[in-house]
Each structure stands twice: as C-alpha cells, then as structure tokens.
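Observations on the model geometry
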Amino acid sequence: DCYVPGGTAEDAAQADFSAALDGLRLEKRIALERNALSVNYRLALPAQGELRTVLSLAMPSCDGYGGRYMHRGEILGGFGQEFDLPQVAEFVLDDRHMRGGVTLSIDPPARLTGRPYHTVSQSEDGFERIMQCVVLEVVWVLGGPRSACRLVLRIDADGGEQPADRASDAGP
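The structure reproduced in this document is the subject of the present report. (Residues numbered from 1 in each chain as written. Predicted model: local features only at pLDDT ≥ 70, side-chain atom pairs only at ≥ 80, totals over all residues. Heavy atoms only, no water.)

**Section: the pairing of strand β10 (residues 126-142)**
Using the following cut-off: DSSP bridges decide pairing: two strands pair if at least two such bridges lie between them. Only DSSP runs of H or I with at least four residues qualify as helices, and only runs of E with at least two residues qualify as strands; both kinds are numbered from the N terminus onward.
Pairing between strand β5 (residues 49-57) and β10: nine bridges, direction antiparallel. If you follow Thr53 over to β10, its bridge partner there is Val138. As defined by bridge partners, strand β9 (residues 100-123) adjoins β10 across 13 bridges and the pair is classed as antiparallel. By the bridge assignment for β10, Gly114 is matched with Leu136.

Put into structure tokens, the structure is as follows:
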C-alpha cells in the first residue's frame with residue numbers, strides 16, 4: 001500500500017511500510033537504534049511460504065585479506081567467497097580495515113547465503129574485475145497465518161581486538 005510516516009518525535013528514527021496483494025499482507029518497520037539498524041516484518045498469509053530479503057553491504061576490505069565471515073566463533077572464509085548456511089541466528093562480517101565489523105542477528109533463525117558482487121571496468125591496463133559488495137540473502141520458511149521476522153544489523157568497533165575473541169560469544 002504505502003509508506004506510513006511516524007506520528008511522534010520518538011518515531012523519527014523509524015519508517016513503516018505496508019503492502020497487500022492476493023490475500024497476503026506485509027508490514028515492515030525499519031528503525032535506527034544507536035549503532036544498529038533493525039528491520040521487523042509482520043506477515044499475514046493464506047498458506048505456507050518463504051520470505052526472502054537481500055542485503056548488499058559494501059565492506060572496506062572487500063575481497064582483501066582483512067575481511068572474513070564468522071559463524072559460531074569460526075572463520076568461514078573471506079568476503080570474496082560464497083557460503084550457504086541452513087540455520088543462522090547470528091553472523092559476523094569481521095573487517096580489520098574498519099577495526100570492527102557488522103553483526104547480523106536473525107530471528108527466528110533462517111537460511112543465510114552469501115556471495116561477492118563483482119563488476120568489470122576498463123582501465124589503462126585492460127579489463128579489471130572489482131568486488132563491490134557482499135550480497136547476503138536471508139530466507140525464512142513461514143508456517144502459520146501470522147508470522148513475524150526480525151533482522152538487526154549492528155556495527156561494532158573493537159579497537160583492533162582479534163576477530164576470534166569478538167566472535168566467540170556469537171552464540172548458536
């Protein structure tokens with residue numbers, strides 16, 4: 001349907017959206033809370049289904065040595081690599097160039113896939129493939145007539161702390 005502006009000063013850091021189509025109703029609230037961006041989805045559906053959302057995050061390290069994916073305290077690989085995890089509640093994009101990282105919290109836990117996004121440009125040396133961002137896709141399987149899902153992106157600055165130390169408390 002439309003964007004629904006907030007009505008009070010407390011709502012200034014949030015935006016509400018809603019849409020309806022063929023028996024499906026989706027409400028989405030985006031809110032900025034200190035160092036975190038949260039997205040809340042509420043759905044009313046006629047049957048089972050999936051909700052997919054795609055995040056494109058430009059990380060300073062791109063596919064360099066300073067950027068890595070972390071899950072449950074383990075390094076999965078660098079930003080230039082692909083991954084597919086069936087059930088994720090929390091995931092860390094650790095980036096030494098930003099001296100911290102981005103923590104993605106997913107509720108309820110969902111399938112998470114990631115891949116690099118490359119473009120090609122032409123320079124004096126010829127064609128170059130350049131990584132632009134990390135593309136993350138979150139997929140929730142929805143079961144009932146009413147469902148709620150939440151994503152939180154939190155930016156953490158750690159002052160140079162080692163990524164394994166920071167991600168060890170990432171939980172399941």
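**A word on the environment of Cys149**
Cut-off, in case you're wondering: Accessibility here uses a 1.4 Å probe with only protein chains present; expressed as a share of the type maximum, an area under 20% marks a residue as buried, one over 50% as exposed, and anything in between as partly exposed. The contact criterion used throughout is that any non-hydrogen atoms of two residues lie within 4.5 Å.
Position of Cys149 relative to the elements: it lies in strand β11 (residues 146-157). Note on Cys149: relative accessible area 3%, which makes it buried. The sequence separation of Cys149 and Pro108 amounts to 41 residues, and the corresponding C-alpha distance is 6.2 Å. When near neighbours in sequence (up to four residues on either side) are disregarded, Cys149 contacts Val39, Asn40, Tyr41, Leu51, Asp107, Pro108, Trp140 and Leu142.

**Structural notes on the nonpolar core**
Operational definition: Only buried residues count toward a nonpolar core. Its members are Ala, Val, Leu, Ile, Met, Phe, Trp, Tyr and Cys residues joined through side-chain atoms within 4.5 Å.
Residues Phe91, Leu93, Leu104, Ile106, Leu112, Leu136 and Trp140 are the most contacted members of the largest nonpolar core, which totals 30 residues. Among the elements of the structure, β4 (36-44), β5, β8 (83-95), β9, β10 and β11 are those that each provide at least two residues to this core. No other element matches β10, which puts six residues into this core. Setting aside residues no more than four positions away along its own chain, Leu136 makes contact with Thr53, Val54, Leu55, Leu57, Phe83, Leu93, Leu104, Leu112, Thr113 and Gly114.

**Some words on the environment of Arg34**
Locating Arg34 in the fold gives a position in the loop between β3 (24-33) and β4. Judged by relative accessible area, Arg34 falls into the exposed class, the value being 85%. Residues Arg34 and Ile155, spaced 121 residues apart in sequence, show a C-alpha to C-alpha distance of 9.4 Å.

**Considering the packing of aromatic side chains**
For the record, the criterion: Pairing of aromatic rings covers Phe, Tyr and Trp, the last counted by its six-membered ring, and requires centre-to-centre distances within 6.5 Å; plane angles under 30 degrees mean stacked, over 60 mean edge-to-face, and any other angle means tilted.
Counted under the stated rule, the structure contains five aromatic pairs. When the centroid spacing of 4.7 Å and the interplanar angle of 65° are considered together, the rings of Tyr69 and Phe83 count as edge-to-face. Taken together, the residues span a long stretch of sequence, with Tyr69 in strand β6 (residues 67-71) and Phe83 in strand β8 at a distance of 14 residues.

**Brief notes about the side chain of Asp156**
Put simply, the rule reads: Pairs of N or O atoms are called polar contacts if they sit within 3.5 Å, as long as, within protein, a hydrogen donor faces a hydrogen acceptor (for residues adjacent in sequence, only side-chain-to-side-chain pairs).
Within the secondary structure layout, Asp156 lies in strand β11. A relative accessible area of 15% means that Asp156 is categorised as buried. A distance of 2.9 Å separates polar atoms of two side chains, one belonging to Asp156 and the other to Arg154.

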